Amino acid sequence: MEGQAETRECDKGFSSSYMILKPEEVKFVDLFRILFSSSLENRKYVDSSAETTESFRQRWLIFISLVAQKFLMFTARPMSWMGSVIEMWLNLLSLNQNFFMLIINLIRGKAEKPDKDSAKFISFIGNMDKRTKLDSSIKPGDGCRYHSALAMMASKASYENRAYIETIVKDHWKVEQILNIIDYQEKATTQLFFLRDKTDDHDTIVVAFRGTEPFDADAWCSDFDLSWYELPNMGKIHGGFMKALGLQKNLGWPTECKEDENRKEPLAYYYIRDKLRALLSESEKTKYILTGHSLGGALAILFPTILFHHEEKLLLQRLEGVYTYGQPRVGDENFGKYMESKLEEHKIRYFRFVYCNDMVPRLPYDDKDLLFKHFGTCVYYNRHYQGKVVPEMPNKNYFSPLSAVPMMMNAVCELIRSFTIRYSKGPEYKEGWFLRLFRIIGLVMPGVSAHSTQDYVNSTRLGSADVFLLSEDMLP
């Protein structure tokens, strides 16, 4: 083991144990070798503090993770190209009203062409739900309900370009806006923006992390990565999400980040922390919330983890809440207990919203081999957008044969609802053809369309405010 340790490219002294998958190192023969041998020594594609993994199921899951990541790495460029083409076509149709008007405008030579940097350009995710206005019936005085509605709209906006965000935040939301795009390891997969909701009565900064885009292979690799690090007295934490937040290869989480000439953008955690320090120092009344959809939700809840680790007293004192939507699991049971204890100690609210059969909150698996567990207040909404606080969401692991038929039946009801909701709830809830197409895909793959931002925005607007009462009663 001593010789093996010398060959490792990273110093992982910051963690008490670890398992790191390296899909870039794996070869075709290696993939099958791991299924039939429990030894992890001298494996370039698995860096582990343990010498063996006895469970065949665990080796099978490692195999699946490596295959998925290898496939995503191989198809990264075609995926990116396909995503760009689809986005361009969607925006071409939108700018010219519809397909028939597009043909007419092309014949007349007056077709409006999309510009990816313009305020009119909408992302793939944004095309499923084009709403830009906040719900005027939900006021700042509504407390957690207002924050949850604002946070979800900010999470949705985080998928868009700079010009689009500036336009909706300033012109539609009428709040101050601060924008920066940052990335990790020279890949712009970690994107976020700040906005400041300030009136005479309140001053709240919202930090919104972007989630996983459908054609972003790097972000999907983070989702499929089963790597983990165990931090002393904290528990095991998902390695892929930690990397996206700014984990440094050879240093882990030092208190300060040294400048690196080869790094084009600052690491996410350190940039956000320093930015918040400066903003919060302007006024004692200023507080902030963290939010994100999908992968963005994972990053939002891991950010205070590192604040706890660094004992950032000011930032922890001013953190008013964490609101995540369709968030995957980020750590093991010990990590969950640690976080619940720390969040309660610092009186920080943490709401984890789950809509119906959304598949992402049910990943990675919650079992004895994968270790991952959810924690915090789970607010679960059914297809009628009726919410309730539950200790565990129904069907906690997505791939369950017993729940397949009920999920498909629910998907049928969601498709029918897409045609009727504008009449039952109002025109602002109308669903377009693009989202309906995903509802149809959801008939075969239940849980795919349930991850859309549309259903989470609807949940924050149509759901009862009663789900927040217990949390607000607990805090002074």
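Residues numbered from 1 in each chain as written. Predicted model: local features only at pLDDT ≥ 70, side-chain atom pairs only at ≥ 80, totals over all residues. Heavy atoms only, no water.

## Overview of empty space enclosed by the protein
This model, assessed by the stated rule, comprises four cavities of 30 Å³ or more. In this model, the second largest cavity occupies a volume close to 50 Å³. For the second largest cavity, the full set of lining residues is L134, D135, I138, Y146, A149, L150, M153 and R461. The biggest single contributor to the lining of the second largest cavity is helix α6 (residues 144-157), with four residues. Split into classes, the residues belonging to the lining of the second largest cavity amount to six nonpolar, no polar and two charged. (1 Å grid on protein atoms, 1.4 Å probe; cavity = no way out; pocket = protein on both sides within 12 Å on 5 of 7 lines; lining within 4 Å. Points joined across faces, edges and corners; volume = space filled by probe spheres on them. Helix = DSSP H or I, 4+ residues; strand = E, 2+ residues; numbered from the N terminus. Nonpolar A, V, L, I, M, F, W, Y, C, P; charged D, E, K, R; others polar.)

## A few points about helix α14 (residues 401-424)
If you check α14, its first and last C-alpha atoms are 33 Å apart, about what 24 residues at 1.5 Å a residue would give, namely 34 Å. Buried residues of α14: S403, M407, N410, A411, E414, L415, R417, S418 and I421, and no others. Lining the buried residues of α14 we find β11 (349-355), α15 (433-444) and α16 (453-462). Of the residues trailing α14, G426 is marked for its positive phi of about 130°. (Expected span 1.5 Å × (residues − 1). Buried < 20%, exposed > 50% of the residue type's maximum accessible area, 1.4 Å probe, protein only. Contact = heavy atoms within 4.5 Å.)

## Description of the pattern of salt bridges
Tallied over the entire structure, the rule returns 19 salt bridges. Ionic pairing is found between K120 and E112, a salt bridge with its closest N-O pair at 3.2 Å. With a relative accessible area of 32%, E112 lands in the partly exposed category. Taking the shortest distance from any N to any O, the salt bridge between E345 and K342 comes out at 3.7 Å. Residue E345 and its partner K342 are both found in helix α13 (residues 333-345); the two are separated by three residues, about one turn of the helix. The class of K342 is partly exposed, set by a relative accessible area of 23%. The network of salt bridges with shared partners includes E256, R273, D274, R277 and E312. (Salt bridge = Lys/Arg side-chain N within 4 Å of Asp/Glu carboxyl O.)

## Section: the nonpolar core
Among the nonpolar cores identified, the biggest contains 52 residues, and L276 and Y288 are the most heavily contacted of them. For this core, the element with the highest residue contribution is helix α11 (residues 295-310), accounting for ten residues. Leave out the neighbours within four places in its chain, and L276 touches F194, I205, V207, Y288, F303 and L315. Counting residues in each nonpolar core, the second largest holds 43 residues, with I138, Y164, I168 and F353 among its members. (Core = buried A, V, L, I, M, F, W, Y, C linked by side-chain atoms within 4.5 Å.)

## Observations concerning the packing of helix α3 (residues 56-74) against helix α8 (residues 217-224)
Running from N to C, α3 and α8 point in directions that differ by 175°, and their axes come no closer than 9 Å. In terms of orientation, α3 and α8 fall into the roughly antiparallel class. Here S65, A68, Q69, L72 and M73 of α3 lie close against α8, whose contacting residues are A217, W220, C221 and F224. Of the residues in the contact of α3 with α8, the class split is seven nonpolar, two polar and no charged. (Axes fitted to C-alpha atoms, helices over the stretch in contact; angles between N-to-C directions. Parallel < 35°, antiparallel > 145°, perpendicular 65-115°, else oblique.)

## A few points about the environment of E311
As for its placement among the helices and strands, E311 is situated in the loop between α11 and α12 (313-318). Residue classification places E311 among the exposed positions, given a relative accessible area of 63%. When the C-alpha atoms of E311 and T255 are compared, they prove to be 9.6 Å apart, with 56 residues separating the residues in sequence.

## What to know about the pairing of strand β5 (residues 203-209)
Most of β5 sits out of view: seven of its seven residues are buried. The loop that links strand β4 (residues 192-198) with its antiparallel partner β5 comprises four residues. The sheet contact formed by β5 and strand β8 (residues 287-293) spans six bridges and is parallel. Its bridge partner lying in β8, V206 is registered against I289. (Pairing = 2+ DSSP bridges.)

## Notes on α6
In an α-helix, one turn spans 3.6 residues, which is why side chains three or four residues apart end up on the same side. Taking 1.5 Å per residue, 14 residues should reach 20 Å; α6 reaches 20 Å between its end C-alpha atoms and fits that length. Of all 14 residues in α6, 14 are buried; the element is thus mostly enclosed.

## Let's talk about the packing of α11 against α13
Relative to each other, α11 and α13 sit at 75°, their axes nearing to 11 Å. If you check the angle between α11 and α13, you find them roughly perpendicular. Between α11 and α13, the contacting residues are I301, L302, T305, F308 and H309 on the first element and F335, Y338, M339, K342 and L343 on the second. When its residues are assigned to classes, the contact of α11 with α13 shows seven nonpolar, two polar and one charged.

## Some remarks on a nonpolar patch on the surface
Together, W433, L437, I440, I441, V444 and M445 give the surface a local cluster of nonpolar side chains, amounting to about 600 Å² of exposed area. Inspection of the secondary structure puts M445 in the loop between α15 and α16. Residue M445 is classed as partly exposed on the basis of its relative accessible area of 44%. (Patch = residues over 30% accessible without salt bridge, like charges linked within 9 Å, V, L, I, M, F, W, Y side chains within 5 Å. Areas by Shrake-Rupley, 256 points an atom, 1.4 Å probe, with all protein chains shown as cover.)

## A short note on the environment of F74
When you line up the elements, F74 lands in helix α3. Each C-alpha atom, one on F74 and one on A217, is 9.1 Å from the other, the two residues being 143 residues apart in sequence.

## Looking at the confidence of the model for the protein
Looking at the protein as a whole, the pLDDT averages 86, with 90% of positions reaching at least 70. Counted against residues more than four places away or in other chains, residues 1-9, with its pLDDT under 50, gives twelve contacts. Every residue in residues 183-188 scores below 50 in pLDDT, and together they form 16 contacts with partners more than four places removed in sequence or on other chains. (pLDDT = per-residue confidence, 0-100.)

## Concerning the packing of aromatic side chains
Applying the stated criterion across every chain yields a total of 25 aromatic pairs. Plain terms: the ring middles of F335 and F375 are 5.7 Å apart, the flat faces sit at 85° to each other, and that makes the pair edge-to-face. Here F335, found in helix α13, pairs with F375, found in the loop between β12 (372-373) and β13 (377-381); they are 40 residues apart in sequence, far enough to count as distant. Residue classification places F375 among the buried residues on the basis of a relative accessible area of 4%. Note on F351 and F353: the rings are 6.3 Å apart at their centroids and 35° apart in plane angle, and the pair reads as tilted. Per residue, the accessibility class of F351 equals that of F353, and both read buried. Taken together, the ring pairs connect Y323, Y325, F351, F353, Y355, Y381, Y385, Y456 and F468 into an aromatic cluster. For the cation-ring pair, K236 lies above W228, with the distance from its terminal atom to the ring centre recorded as 4.3 Å. It is R436 that lies over the ring of F419; its NZ or CZ is 4.2 Å from the centre. (Phe/Tyr/Trp six-rings, centres within 6.5 Å; stacked < 30°, edge-to-face > 60°. Lys NZ or Arg CZ within 6 Å of the ring centre and 35° of its normal.)

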